[in-house]
Amino acid sequence: MELLTNFPLWSALAAIFFAQFVKVPIQYFATRKIDWSLLTSTGGMPSSHSAAVTALSTGVAFETGMNSAVFAVSAVFAIITMFDATGVRRQAGEQAIVLNQLVADFNKFVEEAKTWQKKEEQEKQKELKELLGHKPIEVLFGGLTGILLTLALHYLFS
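Below is a short write-up of the structure. Here the residue numbers are simple positions, counted from 1 along each chain's written sequence. Whole-chain, interface and lining totals are the exception, using all residues; otherwise, since this is a predicted model, local features are given only for residues with pLDDT of at least 70 and side-chain atom pairs are given and counted only at 80 or more. Computation of side-chain values: all heavy atoms of the structure, hydrogens and water removed.

### Observations regarding the overall build of the protein chain
- Where helices and strands are cited, they refer to DSSP runs of H or I of at least four residues and of E of at least two residues respectively, numbered from the N terminus. When helices and strands are counted, the protein chain shows 6 helices and 0 strands.
- Its helices and strands taken in sequence order, the protein chain reads α-α-α-α-α-α from the N to the C terminus.
- Out of the 158 residues in the protein chain, the part that is buried amounts to 35%.
- Here, residues are in contact when the closest pair of their heavy atoms is within 4.5 Å. In the protein chain, 71% of the contacts between residues at least 6 apart in sequence involve partners at least 24 apart.
- Each accessible area is a Shrake-Rupley result for a 1.4 Å probe, and residues are judged covered by the shown protein chains and nothing else. When the accessible surface of the protein chain is totalled, it reaches about 10600 Å², and 68% of it is carbon and sulfur. Exposed residues in this analysis have more than 50% of their type's maximum accessible area, buried residues have under 20%, and partly exposed residues fall in between, with area computed by a 1.4 Å probe over protein chains only.

### Remarks on the packing of aromatic side chains
- Here a Phe, Tyr or Trp ring, Trp counted by its six-membered ring, pairs with any other such ring whose centre lies within 6.5 Å, and the pair is stacked when the planes are under 30 degrees apart, edge-to-face when over 60, and tilted otherwise. The final tally for this structure, using the stated rule, is 2 aromatic pairs.
- Plain terms: the ring middles of Tyr28 and Phe29 are 5.9 Å apart, the flat faces sit at 65 degrees to each other, and that makes the pair edge-to-face.
- Residues Phe62 and Tyr155 carry aromatic rings whose centres are separated by 6.4 Å and whose planes lie at 75 degrees to one another, so their mutual orientation is edge-to-face. Of the two residues, Phe62 is situated in helix α2 (residues 48-64) and Tyr155 in helix α6 (residues 136-157); the sequence distance between them amounts to 93 residues.
- Since its relative accessible area comes to 30%, Phe62 is described here as partly exposed.
- Under the relative-accessibility criterion, Tyr155 is labelled exposed at 60%.

### Let's talk about the nonpolar core
- Residue types Ala, Val, Leu, Ile, Met, Phe, Trp, Tyr and Cys, when buried and joined through side-chain atoms within 4.5 Å, form a set referred to as a nonpolar core. Formed by Phe7, Ala15, Ala19, Ala51, Ala55, Leu149 and Leu153, the largest nonpolar core amounts to 7 residues.
- Every element with two or more residues in this core is listed here: α1 (7-31), α2 and α6.
- A per-element tally of this core places α1 first, with 3 residues.
- Leaving out residues up to four positions away in the same chain, Ala55 has contacts with Ser11, Ala12, Ala15, Gly146, Ile147 and Thr150.
- One finds Val53, Ala78, Met82 and Ala85 within the second-largest nonpolar core, a separate group that totals 5 residues.

### Description of the side chain of Ser74
- Note that Ser74 resides in helix α3 (residues 69-86).
- Given the relative accessible area of 6%, Ser74 is considered buried.
- Within the structure, Ser74 has its side chain in polar contact with the backbone oxygen of Phe71 (distance 2.9 Å).
- Excluding anything up to four places from it in sequence, Ser74 contacts Ser57 and Val60. Polar contacts here mean pairs of N or O atoms no more than 3.5 Å apart (in protein, one a potential hydrogen donor and the other a potential acceptor; neighbouring residues in sequence count only if both atoms are side-chain atoms).

### Description of the environment of Thr54
- Secondary-structure assignment places Thr54 in helix α2.
- Taking relative accessible area as the criterion, Thr54 reaches 7% and is therefore assigned buried.
- With 46 residues separating them in the primary sequence, Thr54 and Pro8 have C-alpha atoms 9.9 Å apart.
- With sequence-adjacent residues up to four places away left out, Thr54 is seen in contact with Met82, Gly142, Gly143, Gly146 and Ile147.
- Among the polar contacts listed, one links the side chain of Thr54 to the backbone oxygen of Ala51, at a separation of 3.2 Å.

### Some details on a nonpolar patch on the surface
- Within the patch definition used here, like charges are joined within 9 Å and nonpolar side chains (Val, Leu, Ile, Met, Phe, Trp, Tyr) within 5 Å, considering only residues with over 30% relative accessible area and no salt bridge. Salt-bridge detection follows one rule: a side-chain nitrogen of Lys or Arg within 4 Å of a carboxyl oxygen of Asp or Glu. Side chains of Phe21, Tyr28, Phe29, Ile34, Trp36 and Leu39 sit close together on the surface and give an oily, nonpolar patch of about 660 Å² of accessible area.
- Considering the arrangement of structural elements, one finds Phe21 in helix α1.

Here it is as structure tokens:
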């Protein structure tokens, strides 16, 4: 039953759910369109990965202190996760955009050359996921979300 009282774990999970949920209204204000698929997608504002790892580190800091080895591990884990979100994963998303355009252009060429033998459009096209990584601002706000949410939870439950 110790799992139920693990503050760093619950603050990290709360940060993930909060960051994922808040993506919907943020996207609505930016585009005036509601996109419920953002609740379960990667990428976007704020970064739920960054929110989770900063909430975890903040929770660990409250539980064990900032001079503990566990906090050091969680802080390095957070830094690597956030760096990866803006680096490799972001570049993979950028490449996916270009690849999807190449696929669309190729499909258009093939369709014009012959009628592609009456296949369903879904069978002809499988898009790669473009929204994989995060812009640095999304990681920053994800990190701030995790820290602020954990601070609020700590003061609420302490």
